[in-house]
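# Coordinate inspection notes
Residue strings, one per chain:
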Amino acid sequence: MSVTALAHDVARLPDEELLVAYHEDRDPDARDELVRRFIPFARKLALRYVHSREPLDDLVQVASLGLLNALSRFEPGLGKKFTSFAAPTIMGELERYFRDKGWSVHVPRDLQERALAASRQTERLSARLGRSPTVDELGEVLDCPAEQVIEALDAAHNYHPVSLDAPIAREDDDRAALGETLGTEDDGFELAEDHQMLAAGWASLTDVEREVVSLRLLHDLTQREISQRIGCSQMHVSRLLRRSMIRLDAAAVAG
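Residues numbered from 1 in each chain as written. Predicted model: local features only at pLDDT ≥ 70, side-chain atom pairs only at ≥ 80, totals over all residues. Heavy atoms only, no water.

### A short note on the overall build of the protein
The secondary structure content of the protein amounts to 12 helices and 0 strands. What you see in the protein, going N to C, is helices and strands ordered as α-α-α-α-α-α-α-α-α-α-α-α. Burial status across the protein gives 31% buried among its 255 residues. Within the protein, contacts between residues at least 6 apart in sequence are counted, and of these 52% link residues at least 24 apart. Summed over all atoms, the accessible surface of the protein reaches about 16,700 Å², with 52% contributed by carbon and sulfur. (Helix = DSSP H or I, 4+ residues; strand = E, 2+ residues; numbered from the N terminus. Buried < 20%, exposed > 50% of the residue type's maximum accessible area, 1.4 Å probe, protein only. Contact = heavy atoms within 4.5 Å. Areas by Shrake-Rupley, 256 points an atom, 1.4 Å probe, with all protein chains shown as cover.)

Okay, structure coming up:
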């Protein structure tokens, strides 16, 4: 029988018989015909990852490799449908591709998988709800708390690093580089550190001492005005202020 006639006969076989034939004889024509028939199925699985910005051709190629692996391992005699057997193999190949090659920076494996799942579910819920899903809605589908959902979404959005020289927009009239939008060192950092050190001392003050210090430092009231506000003598206010400031100074030194 000629090669053309053999290929024609293979093309006429139903899927189940063709799978059996390939399993028994490993005929390359049967394999090629099975790939032709099931490549749309592999492509459909690859499309689940289109949100990743990876080229679709690369995704389909990886899915095709998973399809070939599934064909070589499938045993028709076990009674399982081929697509049910092949789907986990193809998806596993795609996920392995992302773990090994897709991420430009090191990301823990569990976070990678959660980020991919979050992106897929975002697309599905958006299509179903007609809007972007909330963090709580994603958390319910992914079975994880809101903090992990936010972490996954952040990882997915940072899948590829962007050059600081990259333009912010593609329009010709706006070619500012991303690096130009980054801030410089903030002069308020030292003040923030002071606030953090004072916070420990602030927790050690009584409610009355906190009120007195707030009225004096934040609201700029005099000791006399404070004494009238809280209902005690001006001398007592003076003692409270002095005692409170000593504690705050001690906390700042300890910090």
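Next comes the rest of the description.
### A few points about the nonpolar core
Formed by 28 residues in total, the largest nonpolar core has its most connected members in Phe82, Ile90 and Leu94. Mapped by element, the contributors of at least two residues to this core are α2 (15–25), α3 (28–46), α4 (56–73) and α5 (82–102). At 8 residues, α5 tops the list of elements feeding residues into this core. Here isoleucine 90 is in contact with Phe41, Ala42, Leu45, Ala63, Gly66 and Leu67, once residues within four sequence places are set aside. (Core = buried A, V, L, I, M, F, W, Y, C linked by side-chain atoms within 4.5 Å.)

### Observations concerning a nonpolar patch on the surface
On the surface, Leu217, Leu218 and Met245 cluster together into a nonpolar patch covering about 320 Å² of accessible area. Mapped onto the fold, methionine 245 is located in helix α12 (residues 234–254). (Patch = residues over 30% accessible without salt bridge, like charges linked within 9 Å, V, L, I, M, F, W, Y side chains within 5 Å. Salt bridge = Lys/Arg side-chain N within 4 Å of Asp/Glu carboxyl O.)

### Details of the pattern of salt bridges
Counted by the stated rule, this structure contains 8 salt bridges. For aspartate 15, the salt bridge identified is with arginine 37, shortest N-O distance 2.6 Å. A residue pair is termed long-range when its members are at least 10 positions apart, and aspartate 15 in helix α2 and arginine 37 in helix α3 qualify at 22 residues. Look at aspartate 15 and you get partly exposed, because its relative accessible area is 29%.

### Quick notes on the packing of aromatic side chains
A ring pair, where both rings are aromatic, is described by two values, the distance of the centres and the angle of the planes. Under the defined criterion, the tally for this structure stands at 3 aromatic pairs. A centroid spacing of 5.2 Å and a plane angle of 80 degrees characterise the contact between phenylalanine 74 and phenylalanine 82, whose relative ring orientation is edge-to-face. Residue class for phenylalanine 74 comes out buried when judged on its relative accessible area of 5%. Pairing phenylalanine 74 with phenylalanine 85 gives two aromatic rings, centres 5.5 Å apart and planes at 55 degrees, and the pair type is tilted. In this pair, phenylalanine 74 is assigned in the loop between α4 and α5 and phenylalanine 85 in helix α5, connecting sequence segments 11 residues apart. Classification of phenylalanine 85 as buried rests on a relative accessible area of 19%. Counting every residue linked through ring pairs, the aromatic cluster contains Phe38, Phe74, Phe82 and Phe85. (Phe/Tyr/Trp six-rings, centres within 6.5 Å; stacked < 30°, edge-to-face > 60°.)

### Here we look at the confidence of the model for the protein
Model confidence for the protein is summarised by a mean pLDDT of 76, while 72% of its residues fall at 70 or above. For the stretch residues 1–7, pLDDT sits under 50, and the model shows 4 contacts to residues farther than four places along the chain or on other chains. (pLDDT = per-residue confidence, 0-100.)

### Points about unusual backbone geometry
The phi angle of most residues is negative, glycine excepted, and most peptide bonds adopt the trans form. Despite not being glycine, arginine 26 has its phi angle at roughly 55 degrees, a positive value. Here arginine 26 shows up in the loop between α2 and α3. In this structure arginine 26 comes out as partly exposed when scored by relative accessible area, which is 36%. The backbone of aspartate 220 shows a phi angle near 60 degrees, a positive value even though the residue is not glycine. Summarising the element assignment, aspartate 220 is placed in the loop between α10 (207–218) and α11 (223–230).

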